[in-house]
Protein chains: 2
Amino acid sequence: MSISQQEANFSRRLDADLVQNPVFTGVERAILEQRLPPGTRLAETDLAEFYGVSRTVVRTGLQALAHSHLVTLRPNRGASVANPSPREAREVFEARELLEPRSAREAARRAGRADVRALRLHAQEEHEAMSANESGRALRLSGRFHVMIAQIANQRTIAEIIENLVSRSSLIIALYWTRSSTRCDEGCHNALIDAIERNDAVEAEELMRSHLVELHSALRFDNGDSSNKTLKDMLS
Amino acid sequence: MSISQQEANFSRRLDADLVQNPVFTGVERAILEQRLPPGTRLAETDLAEFYGVSRTVVRTGLQALAHSHLVTLRPNRGASVANPSPREAREVFEARELLEPRSAREAARRAGRADVRALRLHAQEEHEAMSANESGRALRLSGRFHVMIAQIANQRTIAEIIENLVSRSSLIIALYWTRSSTRCDEGCHNALIDAIERNDAVEAEELMRSHLVELHSALRFDNGDSSNKTLKDMLS
DNA sequence: TACTTCTGGATTGTATACGTTCTTGATGAA
DNA sequence: TTCATCAAGAACGTATACAATCCAGAAGTA
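Because the structure is predicted, anything quoted here is derived from the model rather than measured. (Residues numbered from 1 in each chain as written. Chains lettered and ligands numbered in written order. Predicted model: local features only at pLDDT ≥ 70, side-chain atom pairs only at ≥ 80, totals over all residues. Heavy atoms only, no water.)

1. A word on the sheet that holds strand β1 (residues 41–42) of chain A
Sheet strands pair by backbone hydrogen bonding; their relative direction is either parallel or antiparallel.
All names here are of chain A.
Then, in step 1: The antiparallel open sheet is built from 3 strands, whose spatial order is β1-β3-β2. Only two strands of the sheet have a single partner each, and these edge strands are β1 and β2 (71–74).
Then, in step 2: As paired elements, β2 and strand β3 (residues 78–81) share 4 bridges and run antiparallel to each other. Paired with R74 across the bridge in β3 is G78. (Pairing = 2+ DSSP bridges. Helix = DSSP H or I, 4+ residues; strand = E, 2+ residues; numbered from the N terminus.)

Set out below in structure tokens:
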């Protein structure tokens, strides 16, 4: 196997068959857009019928989603949309705070005109989704913005880790987000693009760090579980 | 769903059924012990026969291994042991250098007597494997040592990422390792345990960093692909 | 000889059948 | 009423059948 073939494998890995799995792509998107709230039961037969495939394909997709922590599989109990605990939520953001600022710095170093243009276009799309009150779509695009920066940094391994953490953040936000608006994002993202356009690595790193701290601090873990608490829990 | 249930899901996630998948556990172990070299073809029928299960179970295990980057799946072409490119190898170690020192620092802060005892016991086992010339087993245990430290740091999300990177390192070492001995490990690991026992966080962080740099620097990427080069490549 | 085309065997991808486990509502006893 | 037991239905886990794809060697052509 030649180096170029190795590279090709590295880049598509196992995505090749995953993007063609309608269960994986469909459920993933629905989760990222918060149309499927945490805890939602995902019965294999229902998904098979909805997507017009056999349970075999459904199970492949669900297993992939489970590896991304977007879905929880319990033996003999089937799949449900993941329900990240406060602890997991905190840890995901701690990991992001560790990885993403470094990525932003490297992205600012490397970014060319095409990269900046793509980022601006994407920010525009985010803005439009917000204006149209499509908050689910806006949230998914907002996450994707972070992934784009990680990709510009051109470190695929770390970018992939970040992509996973960002995905899980959608669920975390669904459970623990306290603010009604995500207007912060728009300003933060634009400021980041500006820094990247100037190739100001230090500034980009600091902006990313503060952006993540901002996000993290807008999470409240004390009441996140209330909707699932039993009456006994709430009375005691 | 209660918080404690969330935690339970978080900890076992999907491991519950994976540890019971003989293909996953068997092939993973063989890869970590370098009994299955990179590129080895993994035909579903062969695995099914060897482990006495149907192809369904084989495919589940292979998909899990693919998500861990230990196995490459190519549509209609089946599975083979992953063959990380020099680039991927470099990136994996860059990610480790970013994450593990921080983990070691936190582990040194948190470690109690039981943790230190477990680490010493483990180091002893490593030592015995080396003495017995079981280099595969020694390598697997050496990786596991790094995972243990990440677990002591008590950040499951990051520990899981590290576990994945460590696993991939076995393949990387199989491909690009230049030195015959891993004696470095023994000294490095013992020094790390000492620092952790003293709860010397700064020292543990620095020891981990230098240990990883040492490992990384012992990799040579220029000749890793030679055995797979075509005659034309080698003559030109 | 070098190259293309074709074909049989092998391998993977998907659907489906069936056994096992779990859930849930009914039944009955305390 | 409350609880335990149990049975029917639903859902999951695994095996297997069949279709689609790939690969290697044979045959044919220049």
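2. Digging into the confidence of the model for chain A
Then, in step 1: For chain A, mean pLDDT is 88; residues scoring 70 or higher make up 85% of the total.
Then, in step 2: The low-confidence segment residues 224–236 of chain A, where pLDDT is below 50, has 10 contacts with residues more than four positions distant or belonging to other chains. (pLDDT = per-residue confidence, 0-100. Contact = heavy atoms within 4.5 Å.)

3. Observations regarding the protein's contact with DNA strand D
Then, in step 1: Taken together, 16 residues form the shell around DNA strand D, and within it R41 and R59 of chain A together with S54, T56 and R77 of chain B come nearest.
Then, in step 2: Among the atoms of DNA strand D lying within 4 Å of the protein, the sugar-phosphate backbone contributes 65%.
Then, in step 3: At 3.2 Å, a backbone N or O of N76 of chain A approaches a phosphate oxygen of DNA strand D.
Then, in step 4: Within the contact set of DNA strand D, a sugar or linking oxygen lies 3.3 Å away from a side-chain nitrogen or oxygen of N76 of chain B.
Then, in step 5: When residues in the surface near DNA strand D are grouped by element, the largest group, 3 residues, is from helix α5 (residues 55–67) of chain B. (Near = heavy atom within 4 Å. Polar contact = N/O pair within 3.5 Å; in protein donor to acceptor, adjacent residues only side chain to side chain.)

4. Quick word on the pattern of salt bridges
Residues and elements named next belong to chain A.
Then, in step 1: Tallied over the full model, the rule gives 36 salt bridges over all chains.
Then, in step 2: R29 is the salt-bridge partner of E33, the closest N and O atoms lying 3.5 Å from each other.
Then, in step 3: A relative accessible area of 11% places E33 in the buried class.
Then, in step 4: Relative accessible area serves as the criterion here: at 43%, R29 is assigned to the partly exposed category.
Then, in step 5: Linked through salt bridges whose partners overlap, the residues forming this network are R29, E33, R35 and R140. (Salt bridge = Lys/Arg side-chain N within 4 Å of Asp/Glu carboxyl O. Buried < 20%, exposed > 50% of the residue type's maximum accessible area, 1.4 Å probe, protein only.)

5. A word on the side chain of Q155 of chain A
Then, in step 1: Tracing the sequence through the fold places Q155 of chain A in the loop between α8 (135–152) and α9 (156–176).
Then, in step 2: Ignoring sequence-local partners within four residues, the contact set of Q155 of chain A consists of A150 of chain A together with E91 and E94 of chain B.

6. Re the sheet that holds strand β3 (residues 78–81) of chain B
All names here are of chain B.
Then, in step 1: Read from one edge of the open sheet, 3 strands run β1-β3-β2, paired in antiparallel fashion. Bordering the open sheet on either side are β1 (41–42) and β2 (71–74), each of which pairs with just one other strand.
Then, in step 2: Along the sheet face, α5 touches β1, β2 and β3 and points at about 110 degrees away from the line of β2. (Axes fitted to C-alpha atoms, helices over the stretch in contact; angles between N-to-C directions.)

7. Details of the environment of A95 of chain B
Then, in step 1: Mapped onto the secondary structure, A95 of chain B falls in helix α6 (residues 86–110).
Then, in step 2: Sequence separation between A95 of chain B and L165 of chain B is 70 residues, and the spatial gap between their C-alpha atoms is 7.8 Å.
Then, in step 3: The contact partners of A95 of chain B, leaving out residues within four places of it in the chain, are I158 of chain A together with L165 of chain B.

8. Re the protein's contact with DNA strand C
Then, in step 1: Taken together, 16 residues surround DNA strand C, and among them S54, T56 and R77 of chain A together with R41 and R59 of chain B come closest.
Then, in step 2: In the model, a phosphate oxygen of DNA strand C is placed 2.9 Å from a nitrogen or oxygen of the R77 of chain A side chain.
Then, in step 3: Those elements giving two or more residues to the surface near DNA strand C turn out to be α5 (55–67) of chain A together with α5 of chain B.
Then, in step 4: Here the surface near DNA strand C takes 3 residues from α5 of chain A, the largest share from any one element.
Then, in step 5: When the residues that make up the surface near DNA strand C are grouped by side-chain class, the tally is 4 nonpolar, 5 polar and 7 charged. (Nonpolar A, V, L, I, M, F, W, Y, C, P; charged D, E, K, R; others polar.)

9. Quick word on the environment of D185 of chain A
Then, in step 1: Note that D185 of chain A resides in helix α10 (residues 183–197).
Then, in step 2: For D185 of chain A, a relative accessible area of 10% puts it in the buried group.

10. Side note on the packing of aromatic side chains
Then, in step 1: For the structure on display, the rule yields 4 aromatic pairs over all chains.
Then, in step 2: Relative to Y51 of chain A, the ring of F50 of chain A lies with its centre 4.9 Å away and its plane at 85 degrees, an arrangement referred to as edge-to-face.
Then, in step 3: Taken together, a centroid distance of 5.1 Å and an interplanar angle of 75 degrees make the contact between Y176 of chain B and F221 of chain B edge-to-face. A residue pair is termed long-range when its members are at least 10 positions apart, and Y176 of chain B in helix α9 (residues 156–176) and F221 of chain B in the loop between α11 (201–217) and α12 (231–235) qualify at 45 residues.
Then, in step 4: Y176 of chain B gets classed as buried once you look at its relative accessible area, which sits at 2%. (Phe/Tyr/Trp six-rings, centres within 6.5 Å; stacked < 30°, edge-to-face > 60°.)

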